[in-house]
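Report on the structure
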Amino acid sequence: MTDLALFDSLLSASTHPDPAFPRFHPRPAQGWINDPNGISYINGRYHVFFQYNPESARHSQIQWGHVSSADLVHWEEHPVALSPQAGGPDSAGCWTGVVASDGGVPTAAYSGVRDHGGHSQVVIARGSSDLVTWEQDGHVAASMPSDPLVTAVRDPFLFRFNGARYAIQGAGLADGRAALLLYTVEDMNDWKYQGIWFTSADPVAAVHTPAEIWECPQLVEVPASGASSGSAWVMMFSLWLSGDDHEHANGVGHLIGSLSSDPATGLPVFVPSSGGKSDLGRDFYAPQIVQLTYGSADSSPAALLWGWANEGPGRDGRRGRTQEEIDDAGWAGVLTHPRVLSLVDGALAVSPAPEVLAYRGAAVAAGAALDADAAVVAGAAGSVVVPAFAEVLVRGGAVPAGAVPSSGVSSGDVELVLASSADGDSVGNRQVVYSGSLAPGEELRIFIDASLVEVYRTGSVATTLRAYPAAGEEWQLTLPDGATADVWELKLPE
């Protein structure tokens, strides 16, 4: 590993003074972060870059931060990778983009903005073999299209199809539609614009991915199982609306479909057949996916996703943080665990990368048996106290016909709440962070990392949430009748 690696990111987090600071999701100790960028697997390491302002906990003067890992468990934090260049095409910010190996050279393609409020261009930078040092010479590979119908463009993404390399960018059109622009990329230094490729006028897209601009577009091949096997293509968008101001009411949506060659031009054609929400939480936006492998006769496709979970004033009734509290804390934003994408019976399924199992520490509850000696105590009927850093596996069980629920929720619901440890089962002092149904035989995996909650439902998409325990509050999990929960404290592996 290069001697420019600063330190173990997660080990540093374990001593952070803010109790709301996540310990098992790598990020710098201070500053603002948002969109994951440049996710790549090059020379035996996973690299995750991200939008970063090291100077304050506000969205300004955006650079690229950088962490890397050989195993998705131990993370090293590196120096800033890309920063705005005075007088250059990125002088007002190095915004969202990707990293790929171009002839063996790590290469970043990102949205650069010369003037605040101006149009973005695709800017190219070249990296060292370990992706720690970068050469920024201001080379522009693609400018704003001259088509007057295209009023906004951003966030380049690369993909391969039938042996050729292509790129897409998210766009907004003068008539109010969101759109994708297509490029052929034989030369990373010179992208060839092929026109408006796909828009929200498509009837499937209009239902599942409504927006004024499709931000952070992704297009990857994922494996399929169940009713339809093989693979399919997933197109994912962050659904931007004017006046969002980081609230992102429409969240993130996806389309599932096929990719084929146009018989006249040879260019790829995407035809969606279905779609949906890519995450059910209000605190999830701007995910990026890395295509680890494409499908072939010898292997299935594989793709990993990271998303951004932002701070906020409190959404869906949950207590948030004010801007003053965020400023005082000195940090904002966290990235999710890496997530594996697949299709199950034609629907998108999202699960945590199996490597995160390495964070499981001591088991503090197993099945229906709650071990009070292990600092886990029963709260209200049917509930268990969960540590501030924990993984929980909940399994739905059969409830006898006619049984009367023993807990304060319906017989099929799981609730994760913040409650004062002195209040017992007082409903008035409970803040519901997550509530969801649980069918017999169904499983939920819940990760709590200080103020970040990730809920994974088998065969479905995840739910990403932020919540901030106050002094004297504890996490409590209320189980439906027949359900069991295994609980582990999270611990950094050796």
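1. Examining the overall build of the protein chain
Looking only at helices and strands, one finds three helices and 34 strands in the protein chain. Dimensions of the protein chain, computed from the C-alpha atoms along their principal axes, are close to 65 × 50 × 45 Å. Taking all contacts inside the protein chain whose residues are at least 6 apart in sequence as the whole, residues at least 24 apart take part in 60%. Element-wise, carbon and sulfur atoms account for 52% of the exposed surface of the protein chain, whose accessible area totals about 18,900 Å².

2. What about the packing of aromatic side chains?
Under the definition given, this model contains 19 aromatic pairs. Look at F49 and W134: their rings are 5.9 Å apart centre to centre, the planes differ by 80°, and that puts the pair in the edge-to-face class. Residue F49 is found in strand β3 (residues 45-53), and its partner W134 is found in strand β9 (residues 134-142); the two are separated by 85 residues along the sequence. With a relative accessible area of 0%, F49 lands in the buried category. With a centroid separation of 5.8 Å and an interplanar angle of 55°, the aromatic rings of W64 and Y110 are classed as tilted.

3. Overview of the sheet that holds strand β8 (residues 120-127)
If you walk across this open sheet you meet the four strands as β6-β7-β8-β9, and the pairing is antiparallel. Of all strands in the sheet, those bounded by a partner on one side alone are β6 (94-102) and β9. Each strand axis lies, on average, 30° off the axis of its neighbour in the sheet, ignoring direction.

4. Overview of the nonpolar core
It is characteristic of soluble globular proteins that their nonpolar side chains tend to be buried jointly. In this structure, F159, W191, W197 and L219 are the most contacted members of the largest nonpolar core, which totals 92 residues. When residues no more than four places from it in sequence are discounted, the contact partners of W191 are A109, V122, I124, A141, A142, P156, L158, A167, Y183, T184 and V185. With 26 residues, the next largest nonpolar core counts L438, I448, V453 and V455 among its residues.

5. Looking at the sheet that holds strand β13 (residues 190-199)
Across the sheet, which stays open at both edges, the four strands sit in the order β10-β11-β12-β13 with antiparallel pairing between neighbours. Single-partner strands in this sheet number two, and they are β10 (150-161) and β13. In this sheet, neighbouring strand axes are inclined to one another by 25° on average, regardless of whether the strands run parallel or antiparallel. Note: strand β11 (residues 164-173) against strand β12 (residues 178-187), seven bridges, orientation antiparallel. Paired with I168 across the strands is L182, a residue of β12.

6. A short note on the environment of S296
Within the element layout of this structure, S296 appears in the loop between β18 (284-293) and β19 (302-309). In sequence terms S296 and S231 are 65 residues apart; their C-alpha atoms lie 9.9 Å from each other.

7. A closer look at the pattern of salt bridges
Pairs can form between side chains of opposite charge whenever their charged atoms are close. Within this structure, the stated rule accounts for 22 salt bridges. A salt bridge links E215 to R154; the nearest nitrogen and oxygen atoms lie 2.7 Å apart. Of the two residues, E215 is situated in strand β14 (residues 213-225) and R154 in strand β10; the sequence distance between them amounts to 61 residues. According to the relative accessible area criterion, R154 is partly exposed, its value standing at 22%.

8. With respect to the confidence of the model for the protein chain
Counting all residues, the mean pLDDT for the protein chain is 91, and 91% of those residues have values of 70 or more. Contacts for the low-pLDDT stretch residues 1-5, under 50 throughout, to residues beyond four places or in other chains number eleven contacts. When the criterion is pLDDT under 50, residues 404-410 qualifies, and its contacts beyond four places in sequence or with other chains add up to eleven contacts.

9. What to know about the pairing of β13
Successive residues of a regular strand alternate their side chains across the two faces of the sheet. As paired strands, β12 and β13 are joined by seven bridges and run antiparallel to one another. Across the sheet, residue D187 finds its bridge partner in β13, namely D190. The turn linking β12 back onto β13 is made up of two residues.

10. Things to note about the side chain of N34
By the element assignment, N34 lies in strand β2 (residues 31-42). Relative accessible area serves as the criterion here: at 3%, N34 is assigned to the buried category. For N34, the side chain forms a polar contact with the side chain of W32, separated by 2.7 Å. Excluding anything up to four places from it in sequence, N34 contacts F50, Q51, H59, I62, W308 and L335.

Parameters at a glance
Residues numbered from 1 in each chain as written. Predicted model: local features only at pLDDT ≥ 70, side-chain atom pairs only at ≥ 80, totals over all residues. Heavy atoms only, no water. Helix = DSSP H or I, 4+ residues; strand = E, 2+ residues; numbered from the N terminus. Contact = heavy atoms within 4.5 Å. Areas by Shrake-Rupley, 256 points an atom, 1.4 Å probe, with all protein chains shown as cover. Phe/Tyr/Trp six-rings, centres within 6.5 Å; stacked < 30°, edge-to-face > 60°. Buried < 20%, exposed > 50% of the residue type's maximum accessible area, 1.4 Å probe, protein only. Pairing = 2+ DSSP bridges. Axes fitted to C-alpha atoms, helices over the stretch in contact; angles between N-to-C directions. Core = buried A, V, L, I, M, F, W, Y, C linked by side-chain atoms within 4.5 Å. Salt bridge = Lys/Arg side-chain N within 4 Å of Asp/Glu carboxyl O. pLDDT = per-residue confidence, 0-100. Polar contact = N/O pair within 3.5 Å; in protein donor to acceptor, adjacent residues only side chain to side chain.

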